[in-house]
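Fold and contact review
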Amino acid sequence: MGETVGHERRVFSGVQPTGNLHLGNYLGAVKRFVEMQEQDVQTLYCVVDLHAITMPYDPRALRHATRELTAAFLACGLDPAKSILFNQSQVPAHAELTWLFNCVARIGWLNRMTQFKDKAGKNREAASVGIYAYPVLMAADILVYKATHVPVGEDQKQHLELARDIASKFNLDFGAPDFFPLPEPMIEGAATRVMSLRDGTKKMSKSDPSDLSRINLTDDADAIAQKIRKAQTDPEPLPSEEEGLEGRPGAANLVAIYAALADMPKAAVLAEFGGQPFSAFKPALAELAVAKVAPIAGRMREHLADPAHIDAVLADGAERAEAIAAPVARDAYEIAGLLRTRR
Ligand code: TRP
């Protein structure tokens, strides 16, 4: 990780509790979150429930999704002894800093956000103000911890740039150079981008109408094996070199999934399976995927059977998060001229 002058390295990332956590979320995000716990950095991982309410939703479903995502985090190996795991709404400093940032960010900046255009759809007038201000809340999530490194998907790169713009403008406008560090995105590599099992040119997505397109972290062994059996490929055998995957998105995806699950380079997978037909490769991949994913589903179920424990993990995480965030929000308010006389 590169240096961010004058600031300790601190990793922050967030995932929305919107259900259907799948292999793409695991390999592209959560697996990396777990690996970063072992490095010499502080790690904070947040269930961003305040982001989830920017789109139409059901309160009961949200409550469940928040616990389910927390259970998935734990089942994938995020460890409350190594990371701060919490949900956003329990730490009021996120919302406090968002208001300040709403007054720092410019409408023109938000108008350029491509994700808002996608999410708001055709009837932009009917979209919530929250979905418009979404990237400002995201900037507050990161900067309220003075986080320096943010693992995110490619689709969040623009939001990270906005967070940097907000941090710079705050520091400049209020004459507080270096108050907020400029957070660095850690963009997921193409190697960990998992594509749809039905169409290797589209990202694996929780909103794909076909459940066969993704492996859910809650799928059992039979479902996982069946989805891999039906996954899109082509009639050619596997190539022995990576160049041979060009123009073969379905094949490339399955090889990438195998490599990521087995923690080995794609070249090594091809060295092993090159020349073999998919009828030989798919069962090997299915066996590997079942071995890696089914235990996660099992552990998730165990956690979900004990919601009081999940709530206790979140309460503890929120307390530790708050201890960092509240003083930063207070300092930012004071720098911005807002009197805070209660200690
Ligand atoms: N917008 C992110 C996503 O959809 C989730 C998120 C919210 C986030 N706040 C964040 C990610 C802060 C990184 C840092 O993927």
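In what follows, the structure referred to is the one given above.
Let me begin by describing the structure that accompanies this report. (Residues numbered from 1 in each chain as written. Predicted model: local features only at pLDDT ≥ 70, side-chain atom pairs only at ≥ 80, totals over all residues. Heavy atoms only, no water.)

1. Some words on helix α1 (residues 23-37)
Under the convention used in this document: By definition, any uninterrupted DSSP run of H or I lasting at least four residues is a helix, any uninterrupted run of E lasting at least two residues is a strand, and each is numbered from the N terminus. Helix span, as expected, comes to 1.5 Å for every residue beyond the first. The seven residues ending at a residue and the seven starting there each receive a fitted axis; the angle between those axes is the bend at that residue. Relative accessibility decides the category of a residue: with a 1.4 Å probe and only protein chains considered, values under 20% of the type maximum give buried, values over 50% give exposed, and everything between is partly exposed.
In a regular helix each residue adds 1.5 Å, so 15 residues correspond to 21 Å; α1 covers 20 Å between its end C-alpha atoms and thus fits that length. The sharpest bend along α1 measures roughly 35° and falls at Val-30. Of all the 15 residues making up α1, 13 are buried; the element is thus mostly covered by neighbouring parts of the structure.

2. Considerations on unusual backbone geometry
Glycine aside, the phi torsion of most residues is negative, and most peptide linkages are trans. Not every positive phi belongs to a glycine, and Asp-178 is a case in point at roughly 70°. Locating Asp-178 in the fold gives a position in the loop between α8 (157-173) and β5 (184-187). The backbone of Asp-263 shows a phi angle near 55°, a positive value even though the residue is not glycine. Mapped onto the elements, Asp-263 comes out in the loop between α10 (249-262) and α11 (266-273).

3. Section: the packing of aromatic side chains
The description of an aromatic ring pair rests on the distance of the ring centres and on the angle between the ring planes. For clarity, the cut-off: Stacked, edge-to-face and tilted are the three classes for Phe, Tyr and Trp ring pairs, Trp counted by its six-membered ring, which pair at centre distances within 6.5 Å; planes under 30 degrees apart are stacked, over 60 edge-to-face, the rest tilted. For a Lys NZ or an Arg CZ to count as sitting over a ring, it must be within 6 Å of the ring centre and within 35 degrees of the ring normal.
Within the structure shown, the criterion is met by 16 aromatic pairs. Centroid distance Phe-278 to Phe-281: 6.2 Å. Interplanar angle 75°. Geometry classified as edge-to-face. Pair noted here: Phe-278 and Phe-281 are both in helix α12 (residues 278-304), with a separation of three residues, about one helical turn. Taking NZ or CZ as reference, Lys-146 lies 3.9 Å from the ring centre of Phe-179, over its face.

4. Brief notes about the nonpolar core
Burial of nonpolar side chains together is a common tendency in soluble globular proteins. Here is the rule: What makes a nonpolar core is a set of buried Ala, Val, Leu, Ile, Met, Phe, Trp, Tyr and Cys residues whose side-chain atoms join them at distances within 4.5 Å. Residue ranges assigned to each domain were obtained from an automatic or database domain assignment. Residues count as neighbours in contact if any of their non-hydrogen atoms are within 4.5 Å of one another.
Membership of the largest hydrophobic core comes to 58 residues, with the highest contact counts inside it found for Leu-23 and Phe-281. In terms of residue count, the dominant contributor to this core is α12 (ten residues). When residues of this core are assigned to domains, at least three map to each of domain 1 (10-192 + 306-335) and domain 2 (211-302). Once residues within four sequence positions are removed from consideration, Leu-23 is found in contact with Gly-28, Val-194, Met-204, Ile-215, Leu-217, Ile-257, Leu-261 and Val-293. Residues Ile-84, Tyr-134, Val-144 and Tyr-145 belong to the second largest nonpolar core, which totals 48 residues.

5. Here's the deal with the side chain of Gln-88
Looking at the secondary structure, you find Gln-88 in the loop between β3 (83-87) and α4 (93-102). Judged by relative accessible area, Gln-88 falls into the buried class, the value being 0%. Not counting residues up to four positions away in its chain, the partners in contact with Gln-88 are Cys-46, Val-47, Val-48, Asp-49, Leu-50, His-51, His-94, Leu-137 and Asp-141.

6. Structural notes on the pairing of β3
The line we're drawing: Any two strands with at least two DSSP bridges between them are considered paired.
In terms of burial, β3 is a largely internal element, five of the five residues being buried. Bridging between strand β2 (residues 42-47) and β3 involves five bridges; their strand directions are parallel. Bridge pairing links Cys-46 to Phe-86 in β3.

7. What to know about the packing of α1 against α10
This is how the line gets drawn: Between N-to-C directions, angles span 0 to 180 degrees; the directions come from axes that are lines fitted to C-alpha atoms, helices contributing only their stretch in contact. Angles are sorted into four bins: roughly parallel if under 35 degrees, roughly antiparallel if over 145, roughly perpendicular if 65 to 115, and oblique for all others. The sense of a crossing depends on the near helix, which, turned anticlockwise from the far helix by less than a right angle, makes the crossing left-handed and, turned clockwise, makes it right-handed. Residue polarity follows a fixed list, in which Ala, Val, Leu, Ile, Met, Phe, Trp, Tyr, Cys and Pro are nonpolar, Asp, Glu, Lys and Arg are charged, and the others, Gly among them, are polar.
α10 packs onto α1 with a crossing angle of 45° between their chain directions and a minimal axis gap of 11 Å. With respect to α10, the element α1 is oriented oblique. Helix-helix and strand crossings are classified by hand; for α1 and α10 the assignment is left-handed. Listed contacts from α10 to Leu-23, Leu-27 and Lys-31 of α1 are Ile-257, Ala-260 and Leu-261. Split into classes, the residues belonging to the contact of α1 with α10 amount to five nonpolar, no polar and one charged.

8. Thoughts on the packing of α10 against α12
At a closest axis distance of 10 Å, the pairing of α10 and α12 adopts a crossing angle of 40°. Judged by the angle between their axes, α10 and α12 are oblique. Between α10 and α12 the crossing geometry is left-handed. Residues Ala-251, Leu-254, Val-255, Ile-257, Tyr-258, Leu-261 and Ala-262 of α10 form the contact with α12, whose participating residues are Phe-278, Phe-281, Lys-282, Ala-284, Leu-285, Leu-288, Ala-289 and Lys-292. Of the residues belonging to the contact of α10 with α12, the class tally is 13 nonpolar, no polar and two charged.

9. Re the site of the ligand
Heads up, the rule is: We call a residue near a molecule or strand when any one of its heavy atoms sits within 4 Å of it. We define a polar contact as two N or O atoms separated by no more than 3.5 Å, with the added condition that, inside protein, one atom must be a possible hydrogen donor and the other a possible acceptor, whereas residues neighbouring each other in sequence contribute only through side-chain atom pairs. Reported accessibility uses the Shrake-Rupley method at a 1.4 Å probe radius. Residues are deemed covered only where the shown protein chains occlude them.
Inspection of the region around the ligand gives 13 residues, with His-51, Tyr-134, Met-138, Asp-141 and Gln-156 positioned closest. Contact between the ligand and Tyr-134: a nitrogen atom at 2.6 Å from a side-chain N or O atom of the residue. Within the side chain of Asp-141, one N or O atom sits 2.7 Å away from a nitrogen atom of the ligand. Relative to its unbound accessible surface of 370 Å², the ligand loses 88% to contact with the protein. Broken down by element, the shell around the ligand gets its largest block of residues, four residues, from helix α7 (residues 129-143). Split into classes, the residues belonging to the shell around the ligand amount to seven nonpolar, five polar and one charged.

10. Here's the deal with the pattern of salt bridges
Rules: Salt bridge criterion: a side-chain nitrogen from Lys or Arg within 4 Å of a carboxyl oxygen from Asp or Glu.
Scanning all chains against the criterion turns up twelve salt bridges. Notably, a salt bridge pairs Arg-340 with Glu-96, separated by 2.6 Å at the nearest N-O pair. In this pair, Arg-340 sits in the segment after α13 (307-335) while Glu-96 sits in helix α4, placing the two residues 244 residues apart along the sequence. As a salt-bridge pair, Asp-208 and Lys-202 come within 3.8 Å of each other at their nearest N and O atoms. Residue classification places Asp-208 among the buried residues on the basis of a relative accessible area of 13%. Salt bridges sharing partners connect three or more residues here, namely Asp-211, Arg-214, Asp-219 and Lys-227.

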